[in-house]
Amino acid sequence: MTKADSEDLHGNVPDASGAALLLVDVINDFEFPQNENLLREAPRLQKALRRLKEHCRRAGIPTIYVNDNHGKWRSDYNAVVRWATRVDSPGRAFVQALTPELDDYIVLKPKHSAFFGTPLQAILEHLGAKSLIVAGVTANACVLLSVGDAYVQGYRILVPQDCVAALTPEAHDEALHLMEQSFGADTRAANGLDFEELSGTKKAA
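Cut-offs applied
Residues numbered from 1 in each chain as written. Predicted model: local features only at pLDDT ≥ 70, side-chain atom pairs only at ≥ 80, totals over all residues. Heavy atoms only, no water. Axes fitted to C-alpha atoms, helices over the stretch in contact; angles between N-to-C directions. Helix = DSSP H or I, 4+ residues; strand = E, 2+ residues; numbered from the N terminus. Parallel < 35°, antiparallel > 145°, perpendicular 65-115°, else oblique. Contact = heavy atoms within 4.5 Å. Nonpolar A, V, L, I, M, F, W, Y, C, P; charged D, E, K, R; others polar. Salt bridge = Lys/Arg side-chain N within 4 Å of Asp/Glu carboxyl O. Buried < 20%, exposed > 50% of the residue type's maximum accessible area, 1.4 Å probe, protein only. Phe/Tyr/Trp six-rings, centres within 6.5 Å; stacked < 30°, edge-to-face > 60°. Expected span 1.5 Å × (residues − 1). Bend = angle between axes of the 7 residues up to and from the residue.

Enquirer: Outline the packing of helix H6 (residues 142–152) against helix H7 (residues 169–183), listing residues and values.
Expert: Axis separation between H6 and H7 bottoms out at 11 Å; the angle between their running directions is 10°. As the angle between them shows, H6 and H7 are arranged roughly parallel. The residues of H7 that touch H6, namely those facing Val143, Leu144, Val147, Gly148 and Tyr151, are Ala175, Leu178, Met179, Ser182 and Phe183. Of the residues in the contact of H6 with H7, the class split is eight nonpolar, two polar and no charged.

Quick look at the structure:
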């Protein structure tokens, strides 16, 4: 088998980048106990995530939505979007602003971590990603556990502090501190990141 033949087998991962953006559980109806802080944070977080995604797009960094399934497992991401954008969904406006685009990757996960029981690792290997920008909700649960697994896999991890949220401000801050101390995560705000350096497209001075 030639190298070209091998690459053709992975036509479902046509991009190449030194980094990937993981958006964790952003297709979310936010309908769970103690959601008041998250709902207050939602408009700000939505804008921050859209800016982050656009910065990544300009630098050639692909976006991978990694999201909880909803209801009976059918690997149907459109059904998850429909559920989160139903008329009475508290997260409706948030999800509508962040719905995946045609060139985004989509992974449904059965548990908290983006890596557990999903094809994420295979996608990242074919991308050639060495760095992961992890954003979404919640900082002290699914984001935290995804970062822990990314650390075990040897990735460079960046968690922009303005692009994650939790049920309380205290939980947000504690989770970021833990990710810094235990997993070596870079938690500077998104506007401090060098996206071209992360993607591997930055030209030498």
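Enquirer: For the pattern of salt bridges, give the residues involved together with the corresponding values.
Expert: Across all of its chains, the model carries 14 salt bridges by this definition. Across the pair Asp29 and Arg86 runs a salt bridge, and its minimum N-O distance is 3.2 Å. One end of the pair, Asp29, is in the loop between strand S1 (19–24) and helix H2 (36–58); the other, Arg86, is in the loop between helix H3 (77–84) and helix H4 (92–98), and 57 residues separate them in sequence. Of the two residues examined, Asp29 and Arg86, each falls in the buried class. Note that Arg57 and Asp103 form a salt bridge whose closest N and O atoms lie 2.8 Å from each other. Taken together, the residues span a long stretch of sequence, with Arg57 in helix H2 and Asp103 in the loop between H4 and strand S3 (105–109) at a distance of 46 residues. A relative accessible area of 46% means that Asp103 is categorised as partly exposed. When salt bridges with common partners are traced through the structure, they connect Lys53, Arg57, Glu101, Asp103 and Asp104 into a single cluster.

Enquirer: Any chance you could break down unusual backbone geometry for me, citing the residues and the numbers?
Expert: Of note, the amide linkage connecting Val137 to Thr138 takes the cis form, showing an omega dihedral of -15°. Looking at the element boundaries, Thr138 is found in the loop between strand S4 (131–137) and H6. The phi dihedral of Gln34 is positive, around 60°, even though this residue is not glycine. Structurally, Gln34 can be placed in the loop between S1 and H2. The class of Gln34 is exposed, set by a relative accessible area of 59%.

Enquirer: Report on the environment of Pro160, specifying residues and quantitative values.
Expert: Note that Pro160 resides in the loop between strand S5 (156–158) and strand S6 (164–165). Counting along the chain gives 31 residues from Pro160 to Asn191, while the straight-line C-alpha distance between them is 8.6 Å. If sequence neighbours within four positions are ignored, Pro160 has contacts with Leu52, Ile133, Val134, Thr187, Arg188, Ala189, Ala190 and Leu193.

Enquirer: Any chance you could break down the packing of aromatic side chains for me, citing the residues and the numbers?
Expert: If you walk through the whole model with that rule in mind, you get four aromatic pairs. Seen from their ring centres, Phe30 and Phe32 are 6.5 Å apart, and the 80° between their planes marks the pair as edge-to-face. On the basis of relative accessible area, Phe30 is assigned to the buried category, the value being 1%. With relative accessibility at 27%, the residue Phe32 sits in the partly exposed group. Ring geometry for Phe30 and Phe94: centres 5.0 Å apart, planes at 50°, overall tilted. Taken together, the positions of Phe30 in the loop between S1 and H2 and Phe94 in helix H4 put the pair 64 residues apart, joining distant regions of the chain.

Enquirer: Got a sec to walk through the side chain of Asn35? Specific residues and values, please.
Expert: Here Asn35 shows up in the loop between S1 and H2. A relative accessible area of 12% places Asn35 in the buried class. Excluding its chain neighbours within four sequence positions, the residues that come into contact with Asn35 are Phe30 and Leu167.

Enquirer: Talk me through H2; I want residue IDs and the actual numbers.
Expert: Since the α-helix advances by 3.6 residues per turn, residues separated by three or four positions end up pointing in the same direction. Between its first and last C-alpha atoms H2 spans 34 Å; for 23 residues at 1.5 Å apiece the expected length is 33 Å, and the two agree. Where H2 bends most, the angle comes to about 50°, and this point is Ala42, followed within four residues by the proline Pro43. By the burial criterion, the buried members of H2 are Asn37, Leu38, Ala42, Leu45, Gln46, Ala48, Leu49, Leu52, Lys53 and Cys56. With its phi angle positive at about 80°, Gly60 sits one or two positions after the end of H2.

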